[in-house]
Amino acid sequence: MDVIRTAIGLMSGTSMDGIDVALIRTDGRGFIERGPFLGVPYETEFRERLKRALDLARPLHHRSKRPAELRDIELELTGRHAIAVTAFLERFGLSAYVIDVLGFHGQTVLHRPDEGLTIQIGDGGDLARRTGISVVYDMRANDMVHGGQGAPLVPAYHAALAGKFQQAGQAVCFVNIGGISNLTFIGTDGRIVAFDSGPGNTLIDQWVEMQTGKTYDPGGEIGGRGKVVAAVAERYLESPFFRGNVRRSLDRGDFAPLRSEEASLEDGARTLAHVAAASIIKSAGFLPETPSTYVVCGGGRLNGTLMAEFSAMAESLGSRVLSAEQAGFDGDAMEAEAWAYLAVRSLDGLPLTFPGTTGVSAPVSGGVLATP
């Protein structure tokens, strides 16, 4: 009988807005029992430190290198994750001893799949010592060693959630709109195809922060007052990323921020929401078939302007769009839940990635285990 473990997933994504903490009980296969979720936001000062980490990582050519300042940021990031775990356990009346494993993503500071290079800061050994709980971390590296893009990793979890759609004879596509958006397609025959689809919230967040000092467009309200600047949208959507049959994973810096003189605040936010939506549709053109249903998770689902654009585009092609909540899931928790699920799979040596998701040569497991 497969062992059912209690796992906590920890996710700090490309939007760099905080730590998502989620608990599940799972066998790493088909059994998933979802538990509580907690979001722990970063202060502005630490977000600036993480942006500094991106600059420090840019000249690196080996994933183990940690210049002194980057190492300091890594240790601070790890400490914040330990505090988040403690806060989560206290909030929900749990003891560390009932948790079998933490799935620790860390913070991606550099991702160059064409060079086989990905760097996530976050010290798994230190996190295990601080929390007293075993930690699985560094889950992307082994995929790249075996020829994969190192991303996306969430599809294994999406596939486990897709059962009710398959039973209804539907091809479903999970859309995670984080800083970068990615797709997971599960066909009626169970086939899994996944890849990054383009810019998600990052360009919008960068634009709004540059113009107003706010870190994002709440509910898409700013963009909702604007118009699409066609020339700017076309420039983004004509990127070579959207051409050719080879999908690749993206880094936060692959799409340049909008320049201040190119649009008003409102028009810039609307244009970048349009780009985020259209990127999903353009990339979905590489799927084996048009999905019956899109299930949208991640922070982008809360941007009403982006969702309205995406829904209209998808419906014109005969697909319906549901938020994660409308589909019966928790769109805030799903990515953190995925890292908990992947950690359990790693403990059992099960594949985390597949040829159809990252381009890896064969299904491969991954992750490094640190014990307290």
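Residues numbered from 1 in each chain as written. Predicted model: local features only at pLDDT ≥ 70, side-chain atom pairs only at ≥ 80, totals over all residues. Heavy atoms only, no water.

In the annotation of an unreviewed UniProt entry, the entry for the chain reads Anhydro-N-acetylmuramic acid kinase, and the organism field reads Rhizobium etli. A UniProt comment under Catalytic activity (unreviewed entry) is attached to the chain, and it reads "1,6-anhydro-N-acetyl-beta-muramate + ATP + H2O = N-acetyl-D-muramate 6-phosphate + ADP + H(+)". Turning to the chain, the UniProt record has this under Sequence similarities (unreviewed entry): "Belongs to the anhydro-N-acetylmuramic acid kinase family." (UniProt positions renumbered as here; feature names shortened; annotations may be inferred.)

## With respect to the domain arrangement of the chain
If you check the domain split of the chain, you get domain 1 (5–152 + 336–370) and domain 2 (163–323). With centres defined by C-alpha atoms, the gap from domain 1 to domain 2 works out at 24 Å. Facing 16 residues of domain 1, the contacting portion of domain 2 comprises 20 residues. Approximately 1,300 Å² of surface area, both sides summed, lies buried where domain 1 meets domain 2, with 47% of it carried by carbon and sulfur atoms. At the junction of domain 1 and domain 2, the tally comes to 2 salt bridges. Summed over the shared surface of domain 1 and domain 2, the result is 7 residue pairs in polar contact (both at pLDDT 80 or more). Only helix H1 (44–57), strand E5 (107–112) and helix H13 (355–358) provide two or more residues apiece to the side of domain 1 that touches domain 2. (Domains from an automatic or database assignment. Contact = heavy atoms within 4.5 Å. Buried area = accessible area lost by both parts, 1.4 Å probe. Salt bridge = Lys/Arg side-chain N within 4 Å of Asp/Glu carboxyl O. Polar contact = N/O pair within 3.5 Å; in protein donor to acceptor, adjacent residues only side chain to side chain. Helix = DSSP H or I, 4+ residues; strand = E, 2+ residues; numbered from the N terminus.)

## As for the UniProt feature "binding site: ATP" (unreviewed entry) in the chain
When the UniProt feature table is mapped onto this chain, "binding site: ATP" (unreviewed entry) is found at Gly13, Thr14, Ser15, Met16, Asp17, Gly18, Ile19 and Asp20. Relative to the helices and strands, Gly13 is located in the loop between strand E1 (5–11) and strand E2 (18–26). Inspection of the secondary structure assignment puts Asp17 in the loop between E1 and E2. Residues in contact with Asp17, not counting those within four places in the same chain, are Pro41, Tyr42 and Arg47.

## Topic: the packing of aromatic side chains
A complete count under the given rule lists 9 aromatic pairs for this structure. Note on Phe241 and Phe242: the rings are 5.2 Å apart at their centroids and 80° apart in plane angle, and the pair reads as edge-to-face. Judged by its relative accessible area of 8%, Phe242 falls in the buried class. Measuring from centroid to centroid gives 5.1 Å for Tyr294 and Phe310, while their planes differ by 70°, and the two rings are edge-to-face. Here Tyr294 is found in strand E11 (residues 293–297), whereas its partner Phe310 is found in helix H11 (residues 304–315), with 16 residues between them in sequence. By relative accessible area, which is 3% here, Tyr294 ends up buried. Residue Phe310 is classed as buried on the basis of its relative accessible area, which comes to 0%. Put simply, the rings of Phe165, Phe174 and Phe329 pair up and form one aromatic cluster. The ring of Phe46 is capped by Arg80, whose NZ or CZ atom sits 4.2 Å from the centre of that ring. Here the basic side chain of Lys164 rests over the ring of Phe329, its NZ or CZ set 5.1 Å away from the ring centre. (Phe/Tyr/Trp six-rings, centres within 6.5 Å; stacked < 30°, edge-to-face > 60°. Buried < 20%, exposed > 50% of the residue type's maximum accessible area, 1.4 Å probe, protein only. Lys NZ or Arg CZ within 6 Å of the ring centre and 35° of its normal.)

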